[in-house]
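Single-letter residue listing:
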Amino acid sequence: MSNAVLLCVAAKYPEVKKLMGHDWRVAAQVVITVCIQIIIAILIQDVSWKFLWLATYVISGTLNHSLSISFHEIGHNLAFGNHQPMANRVLGYIANLPLMIPSSVTFKKYHIDHHKFQGDDNLDPDLPTYFEAWLFQSRIGKIFYILLQPVLYSVRPLCRVPKPVNLLEFINLLIQIVFDLLIFYFLGIKSVVYLLFGTVLGLGLHPISGHFISEHYIFVEGYETYSYYGPLNWLTFNVGYHNEHHDFPNIPGYRLPKLKEMAPDYYDNRPCHYSWVKVLIDFVLDSKMGPKARIRRTLKSDALNSADRTTNSTKSKLNKILHEADNNNNNTFTSIAQHTTTSLTKNHKLPHKKKNDYQQKMISSTVDVDHSKTH
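All figures in this text were calculated on a predicted structure; none of them were measured in a lab.

Asks: Please give an account of the pattern of salt bridges that cites residues and values.
Replies: As enumerated under the stated definition, the model contains 14 salt bridges in all. Between Asp23 and Arg255 there is a salt bridge, with the nearest N and O atoms lying 3.6 Å from each other. One end of the pair, Asp23, is in the loop between helix 1 (3-12) and helix 2 (24-43); the other, Arg255, is in the loop between helix 12 (242-247) and helix 13 (256-262), and 232 residues separate them in sequence. For Arg255, a relative accessible area of 17% puts it in the buried group. Close ionic contact of Asp282 with Lys278 constitutes a salt bridge, the shortest N to O distance being 2.7 Å. Here the residue Asp282 and the residue Lys278 both occupy positions in helix 15 (residues 276-285), the gap between them amounting to four residues, near one helical turn. You can call Asp282 partly exposed: its relative accessible area is 29%. One salt-bridge network, held together by shared partners, links Asp23, Arg25 and Arg255.

Asks: Any details on the UniProt feature "transmembrane region" (unreviewed entry) in the protein chain? Residues and values, ideally.
Replies: The residues that UniProt annotates with the feature "transmembrane region" (unreviewed entry) are residues 26-44 and 51-71. The straight-line gap between the two end C-alpha atoms of residues 51-71 is 29 Å; of that span, 100% is helix and 0% is strand.

Asks: Quick one: what's the story with empty space enclosed by the protein, residue by residue and with numbers?
Replies: Throughout the structure, instances matching the rule amount to three cavities of 30 Å³ or more. Here the largest cavity is characterised by a volume of approximately 80 Å³. Considering the residues around the largest cavity, the lining is formed by Phe71, Ile74, Gly75, Asn77, Pro85, Asn88, Arg89, Gly92, Ser104, Val105 and Lys108. Where the lining of the largest cavity is concerned, the elements lending two or more residues are helix 3 (49-75), helix 4 (85-96) and helix 5 (104-116). In terms of residue count, the dominant contributor to the lining of the largest cavity is helix 4 (four residues). In terms of residue class, the lining of the largest cavity is built from four nonpolar, five polar and two charged.

Calculation rules
- Residue positions are given per chain, counted from 1 along the sequence in the order it is written.
- Only residues with pLDDT of at least 70 get local features here, since the model is predicted, and only at 80 or more are side-chain atom pairs given and counted; chain-wide, interface and lining totals rely on the full set of residues.
- In computing side-chain properties, one takes all heavy atoms of the structure into account and sets aside hydrogens as well as water.
- Salt bridges, as used here, are contacts in which a Lys or Arg side-chain nitrogen is within 4 Å of a carboxyl oxygen on Asp or Glu.
- The way it works is that DSSP assigns letters per residue, a run of H or I at least four long becomes a helix, a run of E at least two long becomes a strand, and they are numbered from the N terminus.
- Here's how the labels work: a residue is buried when its accessible area is under 20% of the maximum for its type, exposed when over 50%, partly exposed in between, all with a 1.4 Å probe on protein chains only.
- UniProt positions are given in the numbering used here, feature names are shortened, and annotations may be inferred rather than shown by experiment.
- For each structure, a 1 Å grid was placed over the protein atoms alone; sets of points admitting a 1.4 Å probe that cannot get out are labelled cavities, open sets with protein on both sides within 12 Å along at least five of seven lines are labelled pockets, and lining residues have an atom within 4 Å of a point.
- Grid points are joined across faces, edges and corners, and a volume is the space filled by probe spheres set on the points.
- Residues are grouped as follows: Ala, Val, Leu, Ile, Met, Phe, Trp, Tyr, Cys and Pro are nonpolar; Asp, Glu, Lys and Arg are charged; every other residue, Gly included, is polar.

In structure tokens:
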């Protein structure tokens, strides 16, 4: 949805502004979930391995996936607000503990780029690489693609838009190592397995993992983003309300259902999902689906590359917009960013980016998009 339409929503429904801000329930849910995981890790030390693996998949997989999604809320500073960035950061460290793998800081660093550059073939860290699209084309391949989501989501940003490690990531790593060693020393290997493989299995072939696929893969021609309105939203901070979130990233997940109710003419007529399990099944069985089924564009990255043909002042302004500091809570595209990019594309001939034959084939295999229906 364009900024112009967002302004129309705000003008038509001025009460939408009351939904913006932060929500203390994010922190409450995170702390309660972390406590549950630690308590279960203590209780599970002496159970049989058979029961351990069952509990790891069903309980730890669900709760750890929920905690990983809390990074999404925390990354937008929706737990304590923009005025308390350190409180949001500390909550991210706490949410990260049961996952056993440091990731909360890195997630925010790259997720903000996903909002700024959604669908850009060079700048969106969420887009599958061309190697993924080639490797996981078959039904068996797509099953492995789902299984490997934890690995792919960790490695993909480093391949697409690598960024240097910062101090906050080092602190995240240090805290996580200390926690992991304490769990192993005091509770033993079974507790480590319960927590660590809860992350690996929970973010892999698990019902909640349907959100990885449901959000931006092309299920209906001409639509880029889809919402999910099923019961698992209760466990996942309403991450399923994805159209609503991309339109208003500064509204906490708890309030997104109110946004949908408030503006039914904008959200009730869009394609959506009601089952993440069905999403996974359709993704595997439908020959048109796969890692390649994503909309790709290069408008913003081309504009950035063409900035060397502009005046220094315009180039400086564009670079500032496109590469602002990671700690800024860039919740929405600013009108100046859109205006500057549009001006560049109108007034300067964008460089033609050569792609190899396979890349060109993959791009041409995606549908032609009516951008008025996408974000």
